[in-house]
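Chain by chain, the residues run as shown.
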Amino acid sequence: MHLPWPRWQRQKRRRQLAPPFSRHYRRMLKLFGALVVLGLALACITSWVLDSYDTAWHPKRSIRQPTVSDGDGTKGSSPPFPGDELNNIFWFVQVSDIHISRFRDPRRIPDFEKFCSHTVEVIKPALVLATGDLTDAKTESKVGSLQHEVEWQAYHNALKRSRVMERTKWIDIRGNHDAFNIFSLDSVNNYYRKYSANQKVGSFHYVHTTPFGNYSFVCVDATLTPGPKRPYNFFGILNQTQMDLLKTFRAQSLTTNQSIWFGHYTTSTIVSPSPGVRDMMRSAVAYLCGHLHTLGGLMPVLHSRHPLGTLELELGDWMDNRRYRVLAFDHDLLSFSDLQFEQWPAVLITNPKDAQYLHPGVEPLGRIRRSTHIRILAFSEAPITGVHVSIDGESLGTGRSAGGPLYVLLWDPSLYLAGLHTIRVKVEDSAGRSVVREQHFTLEDSFTPSFGFVQSFILLTDHYILARALFIFTVLLNVGVLIAFRFLRVPSSRAFSSPISVSLHLLSRMDIYYYSLLLFNLCTALGPWFIGEVIDGHNGACFAFGVFIDGHFLEGSLTYVIGIIQQLLFFNIPLTSYLCWSLHHRCRGNTLRSHFVRPGRCGRTAVVHLFMLLLLAWQAHSCYFLLETYGVTAFFLSPVRTWALGLSVILIYRAWTGPAPLFRDNSKSNSSS
């Protein structure tokens, strides 16, 4: 009597008897289904990313829209309207990242003094905002960090000799370089409190008073206290107490005509508790900052709009690019122009305002539609001889002086109610110089052009959160692969194994490599990177998740970025890959000398060795940077830098000179001991 086969045996038998085409067809269907699911997932992620960085104006996002909407009887359409008189307007200047240095660019200090004496005299701003990094605070080698009193004296003397503080309100704030290597605000090395014009440490609220209203200027001071040496204060931090103070300033600013927030750091480089610093400044027209230095010239314009409508306007540096910015509130409408030092005339069109920088949530845009004149600020060290205006290629005539630097020209806004238009202004002075300024404008309520994706990604992404997520993912991937191949069953035949699989099995089954790399990666993630003088005279320890300094803790930010780029991607993972490659060659009977002479492989082999040599040199340079920046103690007590360099040399030496590994399915190779 024959008993029926169990169900699993019957299914296995059917699979064995199925024709090859049927099995291939099912595999293709599974692959197709997986690709469809992957495509849908990528489409959802792409849609979410594009929506997150959509910087066009969305009325539902504004908390103050009902207050300033353009309907009848509201602030948006109520007088006064921009006309032909010099009223309801004031202008101010921003300069950032001055970096007064005793070692570099001897023209930087005299140029800055000329800016304070001559440029400010020509423009005559109501106030000047110097948004951080007043001095360079680097050693002569550019590696270390040190507050040089002579740099601060040079900055102070430039302000004093130019007498700029007698002609305007000069508000200077700290940047990350101004907080290098300073343990506390009372430190003798905190020269900002002695030589700056403002001398106010921390966030503050300044109210500028005019005959036509008050305007709030709120400083966001996110510089670190204590301030470690570079590079670990590249990100700023706001704690809950500081956020509560900013909340108070925001409430106070709601009673003024308009508010401007300013600081050194971009919001993308500020660590702050929920709901975040962008939400805190949601009632402001714009946030003015510096810090990123046009990313070395890659992004000469870094502007974007927050989800709640506030503009974020990063200004290029004075240090190398000699950039500054002129801004104006004209009938409570903010306009600005980013300018180059000693390039005249300087031109700013205040009405109609640039379409890309409209803020319907807080600005009375209805006043543009009911204005009677185009309004232009024109500055030059020589008298202005002509201001020529055209719209959409049609000349409207020449503007006339309305007093001071303001030039006006009669226009009819009703001709431009629909669509996007281009205004072109050409300004000439008596020295024969001319400048052409073009910008788009619109009088439609719902049409506001968005900013570029790259600009928005740089300014609107919380990079410390992104870096933290990528760091954790990369560490788990690196450690997970080691552990997985440690316990995965070795294929019965090498014919069924790829070289990558074989090499990972070899590496993971040999104790010296497995435990060394496992502990090295765990130390990168959890252990101290180094212990030493994070600030002169004050010892601390640097971890991926933050920096400890004499009982103070600074939350991790740039540490995650360095952990991913400098450590994991450019050392840990390449070291693991190189050891896998080396052990695979040794398993096949090659030595360091013999595998160079294989036909057709010499060039490829040399490239791999050269690449690893460059990575070792990179790690050695990191050790030198550690020595120069944080001292001898940090150099010798650095598991992730100095110790790791020595460990990698030992592992590479053993991989090529030790016993050849065997590829077999046992828990440990005899050659691993």
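You'll find the structure just up there.
Throughout what follows, the structure given in this document is the object of discussion. (Residues numbered from 1 in each chain as written. Predicted model: local features only at pLDDT ≥ 70, side-chain atom pairs only at ≥ 80, totals over all residues. Heavy atoms only, no water.)

A word on the packing of helix α14 (residues 511-526) against helix α17 (residues 642-657). Viewed as axis vectors pointing N to C, α14 and α17 meet at an angle of 160 degrees, and their least axial separation amounts to 11 Å. One finds that α14 runs roughly antiparallel with respect to α17. Both α14 and α17 take part in a crossing whose hand is left-handed. Taking contact as the criterion, the partners of Ile512, Tyr513, Ser516, Leu517 and Phe520 in α14 are, on α17, Ala644, Leu647, Leu651, Arg654 and Ala655. Here the residues of the contact of α14 with α17 are counted per class, giving 8 nonpolar, 1 polar and 1 charged. (Axes fitted to C-alpha atoms, helices over the stretch in contact; angles between N-to-C directions. Helix = DSSP H or I, 4+ residues; strand = E, 2+ residues; numbered from the N terminus. Parallel < 35°, antiparallel > 145°, perpendicular 65-115°, else oblique. Left-handed = near helix turned anticlockwise from the far one by under 90°. Contact = heavy atoms within 4.5 Å. Nonpolar A, V, L, I, M, F, W, Y, C, P; charged D, E, K, R; others polar.)

With that settled, consider the pattern of salt bridges. The tally for this structure, following the rule as stated, stands at 27 salt bridges. Between arginine 400 and aspartate 84 there is a salt bridge, with the nearest N and O atoms lying 3.0 Å from each other. Within this pair, whereas arginine 400 is found in strand β18 (residues 400-401), its partner aspartate 84 is found in the loop between α3 (65-68) and β1 (89-95), the two being separated by 316 residues in sequence. Linking arginine 322 and aspartate 105 is a salt bridge whose minimum nitrogen-to-oxygen distance equals 3.1 Å. A residue pair is termed long-range when its members are at least 10 positions apart, and arginine 322 in the loop between β11 (311-314) and β12 (323-330) and aspartate 105 in the loop between β1 and α4 (108-123) qualify at 217 residues. Arginine 322 gets classed as buried once you look at its relative accessible area, which sits at 10%. Beyond isolated ion pairs, a larger network of salt bridges with shared partners links Asp105, Arg107, Arg108, Asp111 and Arg322. (Salt bridge = Lys/Arg side-chain N within 4 Å of Asp/Glu carboxyl O. Buried < 20%, exposed > 50% of the residue type's maximum accessible area, 1.4 Å probe, protein only.)

Summarising the element assignment, serine 557 is placed in the loop between β25 (552-555) and α15 (558-587). With sequence-adjacent residues up to four places away left out, serine 557 is seen in contact with Phe235, Val271 and Tyr464.

With an omega of 5 degrees, the peptide bond between serine 274 and proline 275 qualifies as cis. With an omega of -10 degrees, the peptide bond running from tryptophan 344 to proline 345 counts as cis. Within the secondary structure layout, proline 345 lies in the loop between β13 (333-340) and β14 (346-351). The phi dihedral of arginine 322 falls on the positive side, at around 50 degrees, and the residue is not glycine. Its identity is not glycine, yet aspartate 332 carries a phi of approximately 70 degrees, on the positive side. According to the relative accessible area criterion, aspartate 332 is buried, its value standing at 6%.

Spatial strand order, β4-β5-β7-β9-β11-β10: 6 strands in an open sheet with mixed pairing. Unpaired on one side and paired on the other, β4 (204-210) and β10 (302-305) mark the two borders of the sheet. Across the sheet, the axes of successive neighbouring strands diverge by a mean angle of 20 degrees, strand direction being ignored. The pairing of strand β9 (residues 286-289) with β11 spans 4 bridges and is classified as parallel. If you follow cysteine 289 over to β11, its bridge partner there is glutamate 314. Contacting β4, β5 (213-220) and β7 (258-263), helix α8 (residues 240-253) crosses the sheet at an angle of about 165 degrees to β5. Lying on the sheet, helix α11 (residues 453-460) is in contact with β10 and β11; it crosses β10 at an angle near 80 degrees. (Pairing = 2+ DSSP bridges.)

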